[in-house]
Amino acid sequence: MTMRSKIINTIGSIAALLVVLTVFFSIRPDAFLRRNDAAVTQAEVEAAGAAVSFTGKKAGADIPRVTGAEDFMARYPFEQFTVEPVNAVPTGVYELARWRSSTAVVGHRTRNYSQATTNRMWAMTGYNEYTIIEFPDGTYALALFDRGLAADLAKGKAVTLPISARAGVNTYAKPYLQNICAEYGADLENVVYAFDDGWYEEHSGRILLIRLGVTAGVIVAGAVLWAFGDGLLKRKKG
């Protein structure tokens, strides 16, 4: 194999790896699995009582809308509402998903996961990114919600968050978030939390399998195309 061929193969392998990683982490099986979920109404929330949480479930049209930071901070902890942000700013700070255990047994060893990180690669699975959301009145707050919705907001799409609640910020994440919260005037102690922890704990295994299956399909398709292109190139040289 010539040096040029080695370089081409190396570049191709790196590009393929980047494509595979992009595909794996851009797949949103949770959105697909929840596509038929019915919206929860305020009447259902009131009938269930304060002891029942609907956080992370699809918000009905009559769920109270929080329109500013003052309104948000006036909410009782775990009081249920929704938000229609006008913008979202990624912070690059991630907390360990609240439905995930901080330890895992791998073989005969116990692996400990960081409670918070700024390492994007490390955070690609099992972590949620803190986002700064802009309320309709121009004020800001920290939020934790699906990355796909954050991407939709970045594209200028109208987004209604799932039913949310005022929750505390991960203690280990606060030092990383301090500067960006100061920049936007967002409270460092409270976050708009919009995940259904119980649902994700139950379906995390299925979500991983779907991601792996789709990614494997992309790898196989890529290998076939690579072999086909390589064969054409060799025939031309011959």
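The preceding data block contains the structure.
Residues numbered from 1 in each chain as written. Predicted model: local features only at pLDDT ≥ 70, side-chain atom pairs only at ≥ 80, totals over all residues. Heavy atoms only, no water.

For the rest of this paragraph, the subject is the overall build of the protein chain. Within the protein chain, the regular secondary structure consists of seven helices and eight strands. Expressed as a percentage of contacts within the protein chain between residues at least 6 apart in sequence, the contacts between residues at least 24 apart total 68%. (Helix = DSSP H or I, 4+ residues; strand = E, 2+ residues; numbered from the N terminus. Contact = heavy atoms within 4.5 Å.)

Per the counting criterion, the structure on display carries eight aromatic pairs. Over the aromatic face of Trp199 sits the side chain of Arg34, whose NZ or CZ is 4.6 Å from the ring centroid. The ring of Tyr113 carries the charged tip of Arg100 above its face, separated from the ring centre by 3.9 Å. (Phe/Tyr/Trp six-rings, centres within 6.5 Å; stacked < 30°, edge-to-face > 60°. Lys NZ or Arg CZ within 6 Å of the ring centre and 35° of its normal.)

A few words now on unusual backbone geometry. Among all residues except glycine, the phi angle is most often negative; among peptide bonds, the trans geometry is most common. Although it is not a glycine, Phe78 sits at a positive phi angle of roughly 70 degrees. Along the chain, Phe78 falls in the loop between α4 (69–74) and β1 (87–96). Among the residues examined, Phe78 registers a relative accessible area of 61% and is labelled exposed. (Buried < 20%, exposed > 50% of the residue type's maximum accessible area, 1.4 Å probe, protein only.)

It is worth spelling out helix α6 (residues 174–184) at this point. Residues of α6 that are buried: Lys174, Leu177, Ile180 and Cys181. Buried residues of α6, viewed axially, fall in a sector of 130 degrees; they line one side. Counted as exposed and oriented over 90 degrees from the buried face of α6: Pro175, Asn179, Ala182 and Glu183. Check the buried side of α6 and you find it contacts β1, β5 (127–134) and β6 (140–144). In the stretch just after α6, Gly185 is the one whose phi turns positive, near 70 degrees. (Arc of directions from axis to C-beta.)

So far we have only geometry, and geometry alone does not tell us how the molecule works.
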